[in-house]
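The primary structure of each chain is shown beneath.
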Amino acid sequence: MSLAILCLLTWTAAQAETQPIAVAGAKSIQSHFDYWEDPEGRADLEEVLGLPDAEWQQQSSGSATFGMTPSAYWLRFAVTNETPEALNLIAELAYSQLDDVIFHVFAGSEKLHEFKTGDTRPFYPREIEHPNMLLRFALAPDQTKTIYARIETAGPMILPLRIWQENRFFGAASNEQKLHFFYYGCLTVIILINLAVFLTLRERLYLYYALAISGYLLFFASSKGYSFQLLYPDVPWLHARALLASMPILALFSVLFCRTFLKVQAHSPRLDLAMRAMICFEIINFAAAMVLDYNDAMKLSAISALVFFSLLFVAGPITWAAGVRAGAFFTLAWTPLTVGVLATAGRALGFFPVNFMTEYAMQIGSGLEAFILTLALADRLYREREEKIKAQADSLRKEIARNEARNKLNEAMTHDPVTGLPNRNRFEWMVNQQLAQDPDGRYMVGVARITRLDEINRTLGLTRSERLLRRLAQQMTKLAVQLPVVHRTQDDQGRDECVYQLSGDCFGILVNVGGSTDNFEDLNQALRLLSEPILLDNLAIELHPKFGAASYPVQGDNAALLIRNAHVGMEIAPRGPFATGVYSRDYDIYSESRLTLMSDLREALQNNQTDLYYQPKVCLNSGEVVGLEALIRWHHPERGWVSPSEFVPLAEETGVIRQLTHWAIGRSIHDLADLLRKHPALTLSINISTRDLASRDLGERLDSVLAQHGIDAERLTLELTETAAMEDPERGLRALKALANTGLRVSIDDFGSGYSSLSYLKQLPASEIKLDRSLIIDVCASESSRVIVETAINMIHGLGYTVIAEGVENEQTARLLQDLGCDKLQGFWLCHPLPVNELKSWLAEHKKQPAASRGLSRLLTH
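Report on the accompanying structure. Quantities reported herein were computed from a predicted structural model and do not represent experimental measurements.

### Comments concerning the overall build of the protein
- Secondary structure assignment for the protein yields 28 helices and 30 strands.
- Looking at the 862 residues of the protein, the share that counts as buried comes to 50%.
- Pairs at least 24 apart in sequence give 72% of the contacts found in the protein among residues at least 6 apart.

Encoded structure:
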């Protein structure tokens, strides 16, 4: 009985009144259906078949959207073949995100077929390889079939029903897939291009953009079901998680890209804070997508999407208003994507109908966004390239200017500014190089001194005297080039060097004795020519040159010794117009004197018979005395006053310099402690030598004496000549850095008097550089000297050092140095070196002057 009732119900339901969908010819098929909501989701087919028609609701448009709902929905539609031919038809629910779909096909009261599909089931077997929910069925002419479909999903309940003739469906599906994969291909190309730019430039902006576009690609491939079909058809749970994960991925990297692209951190701190909060939220959202229930994760992603799109929608205008050019591009790009998102969300929630625009609005918007932002990145890349080219051009111009200044300074350091001849240090370097290359050769260093140069200077003046020196240098060079025995070399600019200017009135050459075949007859003839008067402004000027020579290896094994002995030989030269004095140990009057002098100096130091004089240093800007230089003085009981230029070099050679330096440190710091009571701003400079740097106990001595008198190390400056600094560069640099680390200051003394490596000097931990008096003495009279001094000051300032000029002897020089930007000066014009008692009086007088009257005109206090 119950079976009969069930059959009756089944037959009655199958015969229920429903208007069939007519298929007539090749026209498009207008679909419609009836639907019934099952709130509990528990109704079975028998129960649905028994529903009265009043329970069913009609949907004439063929498409319905019910939003987010836990209910199951049943669809009912009938299809009639009004053509004379048998038809193969496809019923399509054109939404790939339906979780569970079951089709039941009836012919009259007979159930013909049942097919289960949905994205919570494995993709295969499906009747048609397509992401949407499809049912294949056939209709004979005039045949009608009724189809019931049960749909349940955790996402939006979107039910767009379409009835297709099979051939037309495959044609439309093929065209649709072409468009989809063209879109995916474009996104892939954009991703690859930005990854390539990132790998080239190492800018995270392009990586963020590539990852953001990858998130969009994953999202659309998952939402349209293509990733499920092609990548993991047997793992439906992975399909669901991939869709959930794609949303926080695209949001996270879109925010990171936006933050970097719009330079939010620099232009809008509040917006930057909101974006950082969004980044943290998306990281949490990504983790939630992996572990939460699908419905909960989907709701969280919906909230995330709302905040995310709203935040980025306002980010563009905010930064655009702040003057960021990229803000305009971003606003233009984000607008169509936001419209697409709103249209998609409206369709999912049932506010908008299901049609082409609402179905593909987000893809169209994302495509436009990707295209516009790609143009924006290209614009940014172009502008950055232009800026880099401009910066490189500016850097190149600056480097050329630095090189020119360096070359000029190198020229000044290695060549005489008047004659242009290479100087003594260049000569010593050349001689030592040649002797090292040919240690078994025989050479001779020859020197020539113009004995009347001081008289000529006083008589003719510096300008005409310089012209005379230039003419003499040209004549010497011309004669030397013609002598095969004179050694020649080239500098780094390709200029020949054969005659060197050892000092203002002294010149030198290197003669290859082994290469002479005429017993130096040609050389003697050249010396005769040099001894003849030189015409200058119709004046025949007698130079009275003197010549000296010393031979290698008998009379010296290095350049300095050979030059020294050649000078000694010059002093013992026989009388004659061009006679050359050759060094002889028998006539060297300095050796015994040197030994005696050093013995006397040791005794004087032990008995405290030496003394210190102090020369003030003044600041050119304020006129204030800012420091003192300690200068050693020695009054010998028999020889009287002995010049430091006589005993200091000997002390360095014999090692007495260490004892001398220790004495000077103790005495000068003691005097400084006394002076600081009334003059608390004073600093003290002490000269040290290369041997002092090599001494291990120098630092200990300084620390001990400074601590004994309670004086900060910063008040003490150690002065070292540039020649001494270059003698053992590596060892000297280590020693100076160790001293500087204790707080002591370092000064490079006599800058410009020797030949030094600028690349090495800039490594020294120095705070000031002192221009040698040889550069200062004629700075007012010689334009070339002024240019050299100005170049040196600018370069030294550029390296971060303070500039001190020494040897200033008149107000005109002081004013010029002030105009050239020199920081401090010292010299006889300011004050002669004074013993400490006289210095106290001098400082007291200077201090009494009002600050306004301490200008250059009031500093003349000899």
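### What to know about a nonpolar patch on the surface
- On the surface, a cluster of nonpolar side chains totalling about 350 Å² of accessible area is made up of F286, M290, V291 and L292.
- Mapped onto the secondary structure, L292 falls in the loop between α8 (269–291) and α9 (294–321).
- Judged by relative accessible area, which is 33%, L292 ranks as partly exposed.

### With respect to helix α21 (residues 698–709)
- When the terminal C-alpha atoms of α21 are compared, their 17 Å separation across 12 residues agrees well with the 16 Å that a helix rising 1.5 Å per residue should span.
- G710 sits one or two positions beyond α21 and adopts a positive phi of about 65°.

### What about a positive patch on the surface?
- A contiguous patch of positive charge, built from R658, R691, R696 and R731, is present on the exposed surface.
- Locating R696 in the fold gives a position in the loop between α20 (690–694) and α21.

### A few points about the sheet that holds strand β4 (residues 63–68)
- Taken in spatial order, the 4 strands of this open sheet run β4-β11-β6-β9, and their pairing is antiparallel. Of all strands in the sheet, those with a lone pairing partner are β4 and β9 (133–139), marking the two edges. Put simply, the sheet's adjacent strands are angled 20° from each other on average, direction ignored.
- The strands that helix α3 (residues 166–201) touches are β6 (87–93), β9 and β11 (156–165); relative to β11, the one it contacts most, it runs at about 125°.

### Side note on the environment of G798
- Tracing the chain through its elements places G798 in helix α26 (residues 783–798).
- A residue is classified by how much of its surface remains accessible, and G798, at 65% relative accessible area, is exposed.
- In this structure, the C-alpha to C-alpha distance between G798 and R402, residues 396 residues apart in sequence, is 9.8 Å.

### Looking at the sheet that holds strand β16 (residues 506–512)
- Strand order in the open sheet made by the 5 strands is β15-β16-β12-β19-β20, with mixed pairing throughout. What marks the edges here is a single partner per strand, and that holds for β15 (500–503) and β20 (580–582). Each neighbouring strand pair of the sheet contributes to a mean axis angle of 30°, computed without reference to strand direction.
- Pairing geometry for strand β12 (residues 443–450) and β16, over 7 bridges, is antiparallel. Note on β16: the bridge partner recorded for G446 is I509.

### Comments concerning empty space enclosed by the protein
- According to the stated counting rule, one finds 2 cavities of 30 Å³ or more in the structure shown.
- Considering only enclosed or pocket space, the largest cavity measures out at about 40 Å³ in volume.
- As for the largest cavity, its lining consists of 11 residues, and the residues nearest its centre are A212, S254, F257, E369 and L373.
- Those elements that provide at least two residues to the lining of the largest cavity are α4 (204–223), α6 (236–261), α10 (325–349) and α11 (356–414).
- By residue number, the principal contributor to the lining of the largest cavity is α4, which donates 4 residues.

### Some remarks on the pattern of salt bridges
- Overall, the coordinates contain 32 salt bridges when judged by the stated rule.
- In this structure, K116 and E114 form a salt bridge, with 3.9 Å as the shortest nitrogen-oxygen distance.
- Note on K116: relative accessible area 42%, which makes it partly exposed.
- Using a relative accessible area of 35% as the deciding quantity, one classes E114 as partly exposed.
- Among the ionic pairs, R452 bridges to E455, the shortest N-O distance being 2.9 Å.
- For R452, a relative accessible area of 21% puts it in the partly exposed group.
- Judged by relative accessible area, E455 falls into the partly exposed class, the value being 37%.
- It is possible to trace a salt-bridge network through shared partners that takes in K617, E629, E719, E768, K770 and E806.

Here is what the cut-offs are and how they apply
- Residues numbered from 1 in each chain as written.
- Predicted model: local features only at pLDDT ≥ 70, side-chain atom pairs only at ≥ 80, totals over all residues.
- Heavy atoms only, no water.
- Helix = DSSP H or I, 4+ residues; strand = E, 2+ residues; numbered from the N terminus.
- Buried < 20%, exposed > 50% of the residue type's maximum accessible area, 1.4 Å probe, protein only.
- Contact = heavy atoms within 4.5 Å.
- Patch = residues over 30% accessible without salt bridge, like charges linked within 9 Å, V, L, I, M, F, W, Y side chains within 5 Å.
- Areas by Shrake-Rupley, 256 points an atom, 1.4 Å probe, with all protein chains shown as cover.
- Salt bridge = Lys/Arg side-chain N within 4 Å of Asp/Glu carboxyl O.
- Expected span 1.5 Å × (residues − 1).
- Lys, Arg positive; Asp, Glu negative; His and termini not counted.
- Charge placed at Lys NZ, Arg CZ, Asp CG, Glu CD.
- Pairing = 2+ DSSP bridges.
- Axes fitted to C-alpha atoms, helices over the stretch in contact; angles between N-to-C directions.
- 1 Å grid on protein atoms, 1.4 Å probe; cavity = no way out; pocket = protein on both sides within 12 Å on 5 of 7 lines; lining within 4 Å.
- Points joined across faces, edges and corners; volume = space filled by probe spheres on them.

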